[in-house]
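# A closer look at the structure
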Amino acid sequence: RNTILYNVAFIILTTVLAIAVAILVDEIRSRVASKIYQSLILLPYLMSWVIVSYLAYAMLSGETGMINNGILKPLGLEPVSWYNAPKYWPFILVFVHLWKAIGYAMIIYYSSIVGISQDYYEAATLDGATKWQQIKHVTLPNLRPMICILLIMNVGKIFNADFGLFYSVPLNSGSLFPATQVIDTYVYRTLTATSNIGMSTAAGMMQQLVGFVCIIIANKVVSRIDADSSLF
């Protein structure tokens, strides 16, 4: 359940926010500023999960964390033991994933936006279209093939989880397993506890097989809606 629900949230939110950020970056007219913003947004994607886990710990540590000491205590609120409170971690993990992944997705969508002919926008401007109408009727329709392709590829990984996110960021805290346990971490912990290599191999093959079936189904659905946007 955790694996599927997290991936569904990741796919939807990453797609929406990456497109929004790509459109905003495209509106920046200064070439230097645009490059700076792209680099800053992409920087988290280039960090390893070990570094991200240390950054998260600096924010969430019960004794020295910035959230407890810099926000909650000055406001007179009780500090939270984040690494022993599973109820907060679905939101924390989604936030960390978006912070790290949105830059890469944004670059992909931004490159597609840059490739859209300016003739469309000029024609829309002459027709009196507002900026929002240009986005709705020009930008988004031209992004649809890329959105569909990335969606199909992401659906194929819906039974796979980012091991670093779910293992390193929560610091492998046992009390957080109800919110952070996914297929990949379960297989890893089972392997380290039992040394059952056959089971972990079978689980990996099953993930890939199910992912392949999901890609076929998603591509079939997309091809029925818009044949030009499907992979094959």
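Before reading on, note that the structure itself is shown above.
This part takes up the side chain of N68. Along the chain, N68 turns up in helix α4 (residues 66–72). Polar contacts involving the side chain of N68 include one to the side chain of W82, which spans 3.3 Å. Residues within four places of N68 in sequence aside, it is in contact with S61, G62, K73, P74, P79, V80 and W82.

This part is about unusual backbone geometry. Positive phi, normally seen in glycine, also occurs at L171, with a value near 60 degrees. By the element assignment, L171 lies in the loop between α8 (163–167) and α9 (177–180). A positive phi is found at N172, a non-glycine position, where the angle reads about 55 degrees. By the element assignment, N172 lies in the loop between α8 and α9.

With that out of the way, let us pick up the packing of aromatic side chains. Here the structure, examined in full by the defined rule, presents 10 aromatic pairs. Note on F163 and Y188: the rings are 5.1 Å apart at their centroids and 70 degrees apart in plane angle, and the pair reads as edge-to-face. On the criterion of sequence distance, the pair formed by F163 in helix α8 and Y188 in helix α10 (residues 183–194) is long-range, its members being 25 residues apart. What makes F163 partly exposed here is its relative accessible area of 31%. One aromatic cluster is present, built from ring pairs that chain together Y6, F10 and F166. Across from the ring centre of Y45, 5.6 Å away, lies the NZ or CZ of K100, which sits over that ring.

As a volume, the largest pocket reaches approximately 670 Å³. For the largest pocket, the lining is made up of 21 residues, of which T14, H97, A101, N154 and K157 are closest to its centre. Elements that contribute at least two residues to the lining of the largest pocket include exactly α1 (2–26), α5 (89–114) and α7 (131–155). Top contributing element to the lining of the largest pocket by residue count: α5, with 7 residues. In the lining of the largest pocket, the residues fall into 12 nonpolar, 6 polar and 3 charged.

For the rest of this paragraph, the subject is the pattern of salt bridges. Scanning the model with the defined rule gives 2 salt bridges in all. The salt bridge partner of E27 is R29, with a shortest N-O separation of 3.7 Å. With relative accessibility at 31%, the residue E27 sits in the partly exposed group. One network of salt bridges, in which partners are shared, links E27, R29 and K131.

Take the packing of helix α3 (residues 49–60) against α5 next. One way to put it is that α3 packs onto α5 with a least axis distance of 12 Å and a crossing angle of 130 degrees. On the basis of their axis angle, the class for α3 and α5 is oblique. Classified by chirality, the crossing of α5 by α3 is right-handed. Of α5, the residues touching α3 (which contributes W49, V52, L55 and L60) are W89, I92, V96, W99 and K100. Looking at the contact of α3 with α5 residue by residue, the class counts come to 8 nonpolar, no polar and 1 charged.

Okay, the state of the cysteines next. One pass over the structure, following the stated rule, counts 0 disulfides. Distance from the sulfur of C148, which forms no disulfide, to the nearest cysteine sulfur (C214) is 17 Å. For C148, a relative accessible area of 14% puts it in the buried group.

This part takes up α5. For α5, which comprises 26 residues, the first-to-last C-alpha distance of 37 Å matches the rise-based estimate of 38 Å (1.5 Å per residue) to within 8%. Taken as a whole, α5 carries its principal kink of about 40 degrees at A101.

On to helix α2 (residues 31–46). With 16 residues, α2 extends 22 Å from end C-alpha to end C-alpha; this agrees with the ideal 22 Å at 1.5 Å per step. Taken together, the buried positions of α2 are S34, Q38 and P44. Residues of α2 that are buried in the fold lie against α1 and α5.

Analysis parameters
- Residues numbered from 1 in each chain as written.
- Predicted model: local features only at pLDDT ≥ 70, side-chain atom pairs only at ≥ 80, totals over all residues.
- Heavy atoms only, no water.
- Helix = DSSP H or I, 4+ residues; strand = E, 2+ residues; numbered from the N terminus.
- Polar contact = N/O pair within 3.5 Å; in protein donor to acceptor, adjacent residues only side chain to side chain.
- Contact = heavy atoms within 4.5 Å.
- Phe/Tyr/Trp six-rings, centres within 6.5 Å; stacked < 30°, edge-to-face > 60°.
- Buried < 20%, exposed > 50% of the residue type's maximum accessible area, 1.4 Å probe, protein only.
- Lys NZ or Arg CZ within 6 Å of the ring centre and 35° of its normal.
- 1 Å grid on protein atoms, 1.4 Å probe; cavity = no way out; pocket = protein on both sides within 12 Å on 5 of 7 lines; lining within 4 Å.
- Points joined across faces, edges and corners; volume = space filled by probe spheres on them.
- Nonpolar A, V, L, I, M, F, W, Y, C, P; charged D, E, K, R; others polar.
- Salt bridge = Lys/Arg side-chain N within 4 Å of Asp/Glu carboxyl O.
- Axes fitted to C-alpha atoms, helices over the stretch in contact; angles between N-to-C directions.
- Parallel < 35°, antiparallel > 145°, perpendicular 65-115°, else oblique.
- Left-handed = near helix turned anticlockwise from the far one by under 90°.
- Disulfide = S-S within 2.5 Å.
- Expected span 1.5 Å × (residues − 1).
- Bend = angle between axes of the 7 residues up to and from the residue.

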